[in-house]
Amino acid sequence: MALNLNIFAFKTSNLTSHLAKLKSPACAALCLAATLSVSLPVLADQAVNPALKSVYMVKNVNIGDLPVKTIVPITAKTRLQAIAQAQVIAQNPDADLAEFRIDLLDFADDNIRVMALGHELNRILEHKPLIATIRTANEGGQLKITDQAYEKIYSAYLQQPFMQLLDIEMYRAPASVEKLTQLAHQNNVLVIMSNHDFNQTPSQAEIEQRLYQQDQMGADILKIAVMPKRQQDVLTLMNATANVRQNSNKPLLTMSMGQLGTISRVATANIGGSLSFGMIGEASAPGQIDVKQLKHILNVVQPN
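All values reported here derive from a predicted model rather than from experimental measurement.

Per the secondary structure count, the chain includes 11 helices and 11 strands. Here the chain, with 304 residues, has 59% of them falling under the buried criterion. For the chain, the share of sequence-separated contacts (at least 6 apart) that also reach a separation of at least 24 residues comes to 74%. Accessible area for the chain stands at about 12600 Å²; split by element, carbon and sulfur atoms hold 51% of it.

Here is the structure:
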């Protein structure tokens, strides 16, 4: 299923000059998201099919069902900074999950310190699930690492898991991805299979193929983030998401990055998405907006 591009393009083109005058990306996104929900009233019912949904209860958080759940990244460099950020997330009612961006730490290569900190963060977050992520340099992160080292580090984490969800990059060595996925499941950890393209937006067919491949590789949650160069690129990502929702029962975490792609974050429920990144303070990727604003917009535009 595809978005009605003619209607949407007409609506968005009429809004372009107005949106450019808005100082807040969140305000602009709200206007555009409202346009999407008005232009495409049937889309939500078609895209969010309860019969096709896999729902995961993690620390009493229902992942995979509406409302869309928000994720806030922990972007600290030091232990004390990470603890302080986790405390803020734990107390913020608009943040549903936290992502521990391990690759941003000053001591990311010290497994013992990372695992100790991970357990601390998990305790602080209490009822909010924790995602553990090493975003490698291959996909826009800070850590340059071999496939062998990647597998070894994640395997160590999974011996005594401090996370409820683990982000595994789909284009690491196939044998490593398979082994880590199996090990995660053996330890009751959900796998977010991910792919990031900071340079471009692949074709719709390619985006769909990658998400389907993640599904086939055993992922519990399918994730892709792409960089738009023009409006059509954002629609490409959104169309791909809507199509995959029709054919996969897995929760989707998809986004078009940058300010141009903000609409994909706030209207994700209308195209079958289950999760969306917000921020408190520092963003971990271009285009993220404050989680309070994100939650408000999601509540306005997502289907009942």
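Let us keep going from here.
Moving on to the sheet that holds strand 11 (residues 289-290). Strand order across the open sheet formed by 9 strands is 9-8-7-6-5-4-3-10-11, with parallel pairing between neighbours. The sheet is open, and its two borders are formed by strand 9 (252-256) and strand 11, each paired with just one other strand. Pairing of strand 7 (residues 190-197) with strand 8 (residues 221-226), which is carried by 6 bridges, proceeds in the parallel orientation. Its bridge partner lying in strand 8, D197 is registered against V226. Taken strand by strand, helix 9 (residues 231-247) contacts strand 8 and strand 9, and its axis lies near 165 degrees from that of strand 9.

Attention shifts here to the UniProt feature "binding site: 3-dehydroquinate" (unreviewed entry) in the chain. Sequence positions flagged by UniProt for "binding site: 3-dehydroquinate" (unreviewed entry) are, in local numbering, E99, F100, R101, R135, R265, S284 and Q288. Residue classification places F100 among the buried positions, given a relative accessible area of 1%. Other than its neighbours up to four places away in sequence, F100 contacts I74, L105, V114, L117, G118, L121, L130, I131, A132, T133 and F162.

The next thing to look at is the packing of helix 8 (residues 204-216) against helix 9. Two elements in contact, helix 8 and helix 9, have axes separated by 9 Å at closest approach and are oriented at 40 degrees. Comparing their axes, helix 9 and helix 8 come out oblique. Crossing of helix 8 against helix 9: the hand is right-handed. Contacts between helix 8 and helix 9 involve Q204, I207, E208, L211 and Y212 from the former and T236, L237, N239, A240, N243, V244 and N247 from the latter. Here the residues of the contact of helix 8 with helix 9 sort into 6 nonpolar, 5 polar and 1 charged.

Here L66 and P67 are connected by a cis peptide whose omega angle stands at 0 degrees. Its location among the elements puts P67 in the loop between strand 2 (61-63) and strand 3 (69-74). Its identity as a non-glycine residue notwithstanding, N60 has a phi of 70 degrees, on the positive side. You can see N60 is positioned in the loop between strand 1 (56-58) and strand 2. Unlike most non-glycine residues, N188 shows phi in positive territory, near 60 degrees. A relative accessible area of 69% means that N188 is categorised as exposed.

How each quantity is defined
- Residue numbers here run from 1 along each chain, matching the order of that chain's written sequence.
- Local features in a predicted model are, by the rule used here, given only for residues with pLDDT of at least 70; side-chain atom pairs are given and counted only at 80 or more, and totals for whole chains, interfaces and linings are based on all residues.
- Side-chain measures here rest on the full set of heavy atoms in the structure, leaving out hydrogens and waters.
- Helix and strand assignments follow DSSP, with helices taken as H or I runs no shorter than four residues and strands as E runs no shorter than two, numbered in order from the N terminus.
- Residue exposure (1.4 Å probe, protein chains only): buried if accessible area is under 20% of the type maximum, exposed if over 50%, otherwise partly exposed.
- Here, residues are in contact when the closest pair of their heavy atoms is within 4.5 Å.
- Here, Shrake-Rupley sampling with a 1.4 Å probe gives the accessible areas, and only protein chains in the shown set may cover a residue.
- The rule for pairing is simple: two strands pair if DSSP sees at least two bridges between them.
- Structural elements are reduced to axes, namely lines fitted to C-alpha atoms, with helices fitted over the stretch in contact, and the angle between N-to-C directions of any two is expressed from 0 to 180 degrees.
- UniProt positions are given in the numbering used here, feature names are shortened, and annotations may be inferred rather than shown by experiment.
- Any angle from 65 to 115 degrees is called roughly perpendicular, while one under 35 is roughly parallel, one over 145 is roughly antiparallel, and all others are oblique.
- A crossing counts as left-handed when the near helix is turned anticlockwise from the far one by less than a right angle, and as right-handed when that turn is clockwise.
- Residue polarity follows a fixed list, in which Ala, Val, Leu, Ile, Met, Phe, Trp, Tyr, Cys and Pro are nonpolar, Asp, Glu, Lys and Arg are charged, and the others, Gly among them, are polar.

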